[in-house]
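# Understanding the architecture of this molecule
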Amino acid sequence: MSQPSPSQRTAVTRDDSHDDDHLPEVAEPQVDDYFSTLRTYVRMAARGEQHGVLVTARPGIGKSYQIEEVLRDEVRRDDSPCWDYSIKAGYVSPLALYETLYEQQADGNVLVLDDTEGIASSDTAASLVKAALEGQGSGDRRVVEWDSNSSRLDDDVPERFEFRGSLVLVFNDVPDGTAHWDAVESRCMTYEMSLTFDERMNLIREVAKAPYDGLSYSERIETANWLIRNTTSEMDHVDLRSLFKTFDLRASSVVDGDEWKLHAA
């Protein structure tokens, strides 16, 4: 199912005011409207109520942070069956994916594949993921097998095993619609998140409320407002990563006064 944008769930307005004279001492970022469904789906996977969650969202909006925060919380909770999670990012070959699935095969494990290069483009990898997701709601065993003719496994890794954990698959873009990936998607709770320009700017303002090393609350809000005022709707690359880079410039020991604005611009 496609995730409605935050504007479809709640009214989100952009406030361009930058009067910093009446700022509170502390404030909690109000980001639940952006991430509540994502957090719910990940929590279901952590508790074994779903075999898989497929997440697609643009980079730089905090999806990976939200996923890991939920999993950390689930591991700490006494009422959750989740006892461990692992995150794989970067390049992962089909052979490495098979061995990782084997390592994370047990009940209560969650494996997060975070924009893992080499998986979305591989039919072999997609077939492994599909096998690990089989049988949602049916009680069928999810048996993952490796073709011994393709590459040699480590000596302690068998050529077939039962996967009983959960998967969270994270992509910036939806994988190409091959038959294997269509089958993977059909076996997952799917979350697609897109933000309008105004929603993206509002998210920057909200996240700026959270503590950041070296900057006070008022400095963070002032920095976020400066970034928002100097961003236009054509600048699609401006996101939370841009905010944190600007924070780093402002907090740097080698940047004096308002010089951070010059470098950030």
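The structure presented is a predicted model; accordingly, all values stated were derived computationally and were not measured. (Residues numbered from 1 in each chain as written. Predicted model: local features only at pLDDT ≥ 70, side-chain atom pairs only at ≥ 80, totals over all residues. Heavy atoms only, no water.)

With that settled, the discussion passes to the environment of Y34. Here Y34 is to be found in helix α2 (residues 32-46). On the basis of relative accessibility, which here comes to 3%, the residue Y34 falls in the buried class. Considered as a pair, Y34 and S194 are 160 residues apart in the sequence and their alpha carbons are 9.7 Å apart. Of note is the side chain of Y34, whose polar atom sits 3.5 Å from the side chain of N202. (Helix = DSSP H or I, 4+ residues; strand = E, 2+ residues; numbered from the N terminus. Buried < 20%, exposed > 50% of the residue type's maximum accessible area, 1.4 Å probe, protein only. Polar contact = N/O pair within 3.5 Å; in protein donor to acceptor, adjacent residues only side chain to side chain.)

Let's shift gears to the packing of helix α7 (residues 197-207) against helix α8 (residues 217-229). Geometry of a packed helix pair, given as the angle between the helix axes and the separation of the axes. Where α7 contacts α8, the two axes come as close as 9 Å, and the packing angle between them is 165°. With respect to each other, α7 and α8 are oriented roughly antiparallel. When you trace α7 past α8, the crossing you get is right-handed. Taking contact as the criterion, the partners of M201, I204 and R205 in α7 are, on α8, I221, A224, N225, L227 and I228. Classifying every residue of the contact of α7 with α8 gives six nonpolar, one polar and one charged. (Axes fitted to C-alpha atoms, helices over the stretch in contact; angles between N-to-C directions. Parallel < 35°, antiparallel > 145°, perpendicular 65-115°, else oblique. Left-handed = near helix turned anticlockwise from the far one by under 90°. Contact = heavy atoms within 4.5 Å. Nonpolar A, V, L, I, M, F, W, Y, C, P; charged D, E, K, R; others polar.)

What you tend to see is this: most non-glycine residues have negative phi, and most peptide bonds are trans. Here D115, not a glycine, exhibits a phi torsion of approximately 50°, which is positive. Residue position: D115 is located in strand β3 (residues 109-117).

Turning next to α8. With 13 residues, α8 extends 18 Å from end C-alpha to end C-alpha; this agrees with the ideal 18 Å at 1.5 Å per step. Y217, R220, I221, T223, A224, N225, W226, L227 and I228 are the residues of α8 that are buried. Against the buried residues of α8 lie α7, α9 (240-251) and α10 (259-264). (Expected span 1.5 Å × (residues − 1).)

What follows deals with the packing of α8 against α9. Relative orientation of the contacting elements α8 and α9 amounts to 125°, with a least axis distance of 10 Å. In terms of their interaxial angle, α8 and α9 are classed as oblique. Here α8 runs over α9; the crossing is right-handed. Note on element contacts: α9 touches α8 through S242, L243, T246, F247 and R250, opposite E219, R220, E222, T223, A224, W226 and L227. Of the residues assigned to the contact of α8 with α9, the class counts are five nonpolar, three polar and four charged.

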